[in-house]
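Tertiary structure, described
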Amino acid sequence: MNIVDKISNELKKHEKKYKFATLVVCGGTSVLNIFNDLSLKEINWENILVTLVDDRLVPDNHEDSNRLLVKKNLLINNASEAKFLPLNSKIIFYNKIKLPFTVMLLSMGDDGHFASIFPNMLDDNSITNPDVMPRVLKTAPQGTPNHARITMNLAMILQSKSIFLLVHGEKKIKIFDMARTNRDLPINSLLVAAPSNLIIEKLK
């Protein structure tokens, strides 16, 4: 069963039981095929709430906006019926997204970052400590493209029933394998803290 089928099954199962489900996704080119294939799945999308694990602090129509990426590549076809909430610091408390999230979809960068948690942020306890309060935080300009960002911290990411981590390409697979023991790579913090429901998908 591929990653799209696994995500679809998790959403269907939760929606059938509770009449709602939440899907938290990342940006980046690695997930575009997943988005497109997922958008074609026959799910009760009107009961699915979609949001982002991180975003760049740019206008909605900016080419680097994860909001725009999701709207153009995921919220189409059958998934056009889903509800979408952009990520902001009050999303949990004022928009009434229920924790835990149903499905979290993450990918990993060449430097081992995930969400917008980068190597130069590893000493920030509010971001990388799994035991602090789950929060959404703003950052200084980070990564490529270099924009100020907003991101869920590790503690909030862990508030998920299922976490899918996509590692795409041979270079990233090598970095990921190093990260199992290398604490200087951000993804190590997820691997150390993650519950048993972390599903790792390696695609060459």
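Before any of the text, the structure's been laid out above.
Keep in mind that what you see is a predicted model, and the values were worked out from it rather than measured.

Reading guide: rules and limits
Residues numbered from 1 in each chain as written. Predicted model: local features only at pLDDT ≥ 70, side-chain atom pairs only at ≥ 80, totals over all residues. Heavy atoms only, no water. Phe/Tyr/Trp six-rings, centres within 6.5 Å; stacked < 30°, edge-to-face > 60°. Lys NZ or Arg CZ within 6 Å of the ring centre and 35° of its normal. Buried < 20%, exposed > 50% of the residue type's maximum accessible area, 1.4 Å probe, protein only. Helix = DSSP H or I, 4+ residues; strand = E, 2+ residues; numbered from the N terminus. Arc of directions from axis to C-beta. Contact = heavy atoms within 4.5 Å. Polar contact = N/O pair within 3.5 Å; in protein donor to acceptor, adjacent residues only side chain to side chain. Core = buried A, V, L, I, M, F, W, Y, C linked by side-chain atoms within 4.5 Å. Salt bridge = Lys/Arg side-chain N within 4 Å of Asp/Glu carboxyl O. Pairing = 2+ DSSP bridges. Axes fitted to C-alpha atoms, helices over the stretch in contact; angles between N-to-C directions. Parallel < 35°, antiparallel > 145°, perpendicular 65-115°, else oblique. Left-handed = near helix turned anticlockwise from the far one by under 90°. Nonpolar A, V, L, I, M, F, W, Y, C, P; charged D, E, K, R; others polar. Lys, Arg positive; Asp, Glu negative; His and termini not counted.

**What about the packing of aromatic side chains?**
All chains considered together, the criterion is met by one aromatic pair. Ring centres of Tyr18 and Phe20 lie 6.3 Å apart, and the angle between their planes is 55 degrees; this geometry places the pair in the tilted category. Residue placement shows Lys98 over the ring face of Phe20; its charged tip is 4.8 Å from the ring centre.

**Looking at helix α3 (residues 66–73)**
Those residues of α3 not exposed but buried are Asn66, Arg67, Leu69 and Val70. On an axial view of α3, the arc spanned by its buried residues comes to 165 degrees, and they lie on one face. For α3, the secondary structure elements touched by its buried residues are β1 (21–25), α2 (32–39), β2 (48–52), β3 (54–56) and β4 (83–84). The N-terminus of α3 is capped by Ser65, whose side-chain oxygen sits 3.1 Å from the backbone nitrogen of Arg67.

**Describing the nonpolar core**
Among the nonpolar cores identified, the biggest contains 66 residues, and Ile7, Leu23, Val50, Met152, Ile157 and Leu190 are the most heavily contacted of them. Residues in contact with Leu190, not counting those within four places in the same chain, are Leu106, Phe114, Leu154, Ile157, Leu158, Leu165 and Leu198.

**With respect to the pattern of salt bridges**
Side-chain pairing between opposite charges can occur once the charged atoms of the two side chains come close. Throughout the structure, instances matching the rule amount to seven salt bridges. As a salt-bridge pair, Glu10 and Lys13 come within 3.6 Å of each other at their nearest N and O atoms. Linking Glu10 with Lys13, this pair stays in helix α1 (residues 3–18), spanning three residues, or about one helical turn. Among the charged side chains, a network of salt bridges with common partners joins Asp55, Asp60 and Arg67.

**As for the environment of Ser89**
Tracing the backbone shows Ser89 in the loop between β4 and α4 (91–94). Placed 49 residues apart in sequence, Ser89 and Lys138 show a C-alpha to C-alpha distance of 8.2 Å. The contact partners of Ser89, leaving out residues within four places of it in the chain, are Val136 and Ile150.

**Notes on α2**
Those residues of α2 not exposed but buried are Ile34, Phe35, Leu38 and Ser39. For α2, the angular spread of buried residues about the axis comes to 125 degrees, placing them on one side. Those residues of α2 hidden inside the fold are in contact with α1, β1, α3, β5 (101–107) and β8 (160–168).

**A closer look at the sheet that holds β8**
The strand order β4-β2-β1-β5-β8-β9 describes an open sheet built from six strands, whose pairing is parallel. The open sheet has two free edges, formed respectively by β4 and β9 (198–203), since each of these has just one partner strand. In this sheet, β2 lies alongside β1 in parallel orientation, the contact comprising five bridges. Opposite Thr22, over in β2, you have Leu49 as the bridge partner.

**Focus: the environment of Pro130**
Examined against the element boundaries, Pro130 turns out to sit in the loop between α5 (125–128) and β6 (136–142). On the accessibility criterion, Pro130 (34% relative accessible area) is partly exposed.

**Focus: the packing of α1 against α2**
Two numbers describe how α1 lies on α2: the axes approach to 10 Å, and their chain directions differ by 50 degrees. Of the possible angle classes, the one that applies to α1 and α2 is oblique. The hand of the α1/α2 crossing is right-handed. In this structure, α1 uses Ile3, Val4, Ile7 and Ser8 to contact α2, whose residues at the interface are Ile34, Asp37 and Leu38. Along the lines of polarity and charge, the residues of the contact of α1 with α2 split into five nonpolar, one polar and one charged.

**Section: the side chain of Asp64**
Here Asp64 lies in the loop between β3 and α3. One buried charged residue, Asp64, remains without a salt bridge, the closest side chain of opposite sign being Arg56 at 4.7 Å. At 2.8 Å, the side chain of Asp64 and the side chain of His147 are in polar contact. Excluding anything up to four places from it in sequence, Asp64 contacts Arg56, Val58, Pro145 and His147.

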